[in-house]
Amino acid sequence: MTTMTETKPKKLAVNNHNSVGSRVFDVLNVVALAGLALITVLPLIYVLAASFATEPEIAARPFFLWPEKIVTEAYEYIFATPTFIRSLLTTVVVTAVGMVIQVMLTFTMAYPLAKRYLPGRTLVLNLVIFTMVFTGGMIPTYLVVRDLGMLDSYWALILPLAINPFYLIIVKSFFQELPQALEEAARIDGCNEMGVFFKIVLPLSKPIIATFALFYAVAIWNDYMSPLLYITDPDKWTLQILVRQLVATDPAAALSQMDRTWVPPEQGVKFAIIVIATLPILFFYPFLQKHFAKGVLIGGVKE
């Protein structure tokens, strides 16, 4: 008589997240990340604190996170200066207009390149990739801007960098991953290519639009080399050029339109202008941060 032996299912090995090694690893990770965060944040806190400190305190204390006496003379001096107000408004307008133009040009070029049936698509893509490896350089770019009559013009800060080839390739790959059934359904309903692009493709591309809009805006806002090369009129200075003039030269000379009887807090003005130039970008990041995760996961399409 044979006996039936029951085979017990083998227990799968499960990682014990409550083990001593796992806890030690988590603690070390937290300590390392906290240390990196402090290294990044402490200089920013020092700049902010120094912008509200007095001149003797800035000279006497090489590093501090809270001023002994809070003063606002540096900010009062800056905001009372027509040069700063003009530079700030110029930077805001150039950033807003440039961001819109660059996003539109990038997306309108990437959409047709995502269609495999487009004649000459391979040649255009090869030319785009070529510009990622080889660039004309500073002098040829300057000559092109000069010959196009854009010297001392705000267009020189926008058009030469209107399309980032790396961003273009990413957006093209995103468009290729969109469900073709949606576009075909729109065409059956009578939409042409422009209608498909604006009514179907762009609404589905909100995460990536927000992501690259912020990338372009940050690049324009922080652009220092283009205004330095192409803008010679001080009345057309952007905020970054003004920051450079304040940090590298005498603040009173850089803000020459201010009443000369008001002696500025030299070091405080330098720190305050850095804070003001940084705050707008820090302000917009939280509102667009939710789109970053979706923008990074470009290849995933839900069906």
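Throughout, residues of each chain are indexed from 1 in the direction in which the sequence is written. With pLDDT at 70 or above as the cut-off, local features in this predicted model cover only qualifying residues; side-chain atom pairs require 80 or more to be listed or tallied, and sums for whole chains, interfaces and linings still use all residues. The basis for the side-chain values is all heavy atoms of the structure; hydrogens and waters are excluded.

The name given to the protein chain in an unreviewed UniProt entry is Aldouronate transport system permease protein, with Nonomuraea thailandensis as the source organism. Here is the UniProt Sequence similarities (unreviewed entry) comment for the protein chain, exactly as written: "Belongs to the binding-protein-dependent transport system permease family." UniProt positions are given in the numbering used here, feature names are shortened, and annotations may be inferred rather than shown by experiment. Under the heading Subcellular location (unreviewed entry), UniProt records this for the protein chain: "Cell membrane".

What am I meant to see in the overall build of the protein chain here?
When you go through the protein chain residue by residue, the secondary structure sums to 14 helices and zero strands. Numbering of helices and strands runs from the N terminus, with a helix taken as a DSSP run of H or I at least four residues long and a strand as a DSSP run of E at least two residues long. The order of helices and strands in the protein chain, counted from the N terminus, is α-α-α-α-α-α-α-α-α-α-α-α-α-α. Exposed residues in this analysis have more than 50% of their type's maximum accessible area, buried residues have under 20%, and partly exposed residues fall in between, with area computed by a 1.4 Å probe over protein chains only. For the protein chain, the proportion of its 303 residues judged to be buried stands at 35%. The contacts of the protein chain with a sequence gap of at least 6 include a subset with a gap of at least 24, amounting to 70%. For the protein chain, the accessible area works out to roughly 19,100 Å², and carbon and sulfur atoms hold 69% of it. In this analysis, two residues are considered to be in contact whenever any of their non-hydrogen atoms come within 4.5 Å of each other. Only the protein chains shown count as cover for residues, and all accessible areas are computed by the Shrake-Rupley method using a 1.4 Å probe.

Looking at this structure, I do not really get the UniProt feature "transmembrane region" (unreviewed entry) in the protein chain. What am I missing?
Feature annotation in UniProt assigns "transmembrane region" (unreviewed entry) to the following positions: residues 27–49, 88–111, 123–142, 154–175, 196–221 and 268–288. Secondary structure over residues 88–111 splits into 100% helix and 0% strand, and the C-alpha atoms at its two ends are 34 Å apart. Its end C-alpha atoms 31 Å apart, residues 154–175 is made of 50% helix and 0% strand.

Can you walk me through the confidence of the model for the protein chain in this structure?
It should be kept in mind that the predicted coordinates are not to be read in detail where pLDDT is low. Of the residues in the protein chain, 83% have a pLDDT of 70 or more, and the chain-wide mean is 80. Of all secondary-structure elements in the protein chain, the lowest mean pLDDT belongs to helix α13 (residues 251–254), at 56, while helix α4 (residues 82–113) reaches the highest, 90. The pLDDT value expresses, per residue, how confident the predictor is, ranging between 0 and 100. A low-confidence stretch, residues 1–6 (pLDDT under 50), is modelled with zero contacts involving residues beyond four sequence positions or located in other chains. Below pLDDT 50 for its whole length, residues 299–303 participates in three contacts with residues either more than four positions away or in separate chains.

Explain unusual backbone geometry to me, please; I cannot follow it from the model alone.
As a rule of thumb, non-glycine residues mostly have phi less than zero, and peptide bonds are mostly trans rather than cis. Despite not being glycine, D152 has its phi angle at roughly 60°, a positive value. With respect to the helices, strands and loops of the structure, D152 is situated in the loop between α6 (138–147) and α7 (165–177). Given a relative accessible area of 22%, D152 falls into the partly exposed group.

How should the packing of α4 against α7 be read in this particular structure?
Two quantities define a packed helix pair, namely the angle between the axes and the distance from one axis to the other. Between α4 and α7, whose axes approach to 8 Å, the crossing angle comes to 50°. Classified by the interaxial angle, the pair formed by α4 and α7 is oblique. Between α4 and α7 lies a crossing whose hand is right-handed. Seen from α4, the contacting residues are T106, F107, M109, A110, Y111 and L113; seen from α7, they are Y167, L168, V171, K172, F175 and Q176. Grouping the constituent residues of the contact of α4 with α7 by class yields nine nonpolar, two polar and one charged. Axis definition: a line fitted to C-alpha atoms, over the contacting stretch in the case of helices. Angles run 0 to 180 degrees between N-to-C directions. Note on angle classes: values under 35 degrees are labelled roughly parallel, values over 145 roughly antiparallel, values of 65 to 115 roughly perpendicular, and the remainder oblique. Crossing handedness is read from the near helix: turned anticlockwise from the far helix by less than a right angle, it gives a left-handed crossing, and turned clockwise, a right-handed one. Classes in brief: Ala, Val, Leu, Ile, Met, Phe, Trp, Tyr, Cys and Pro nonpolar; Asp, Glu, Lys and Arg charged; the others, Gly included, polar.

Would you take a moment to explain the pattern of salt bridges for this structure?
Between side chains of opposite charge, pairing is possible as soon as their charged atoms come close. Note on definitions: salt bridges are taken to be side-chain nitrogens of Lys or Arg within 4 Å of carboxyl oxygens of Asp or Glu. Taken as a whole and assessed by the stated rule, the structure comprises seven salt bridges. With a shortest N-O distance of 3.3 Å, D147 and R146 are connected by a salt bridge. On the accessibility criterion, D147 (57% relative accessible area) is exposed. Accessibility expressed as a relative area gives 43% for R146, which makes it partly exposed. Between R187 and E193 there is a salt bridge whose closest N-O contact spans 3.0 Å.

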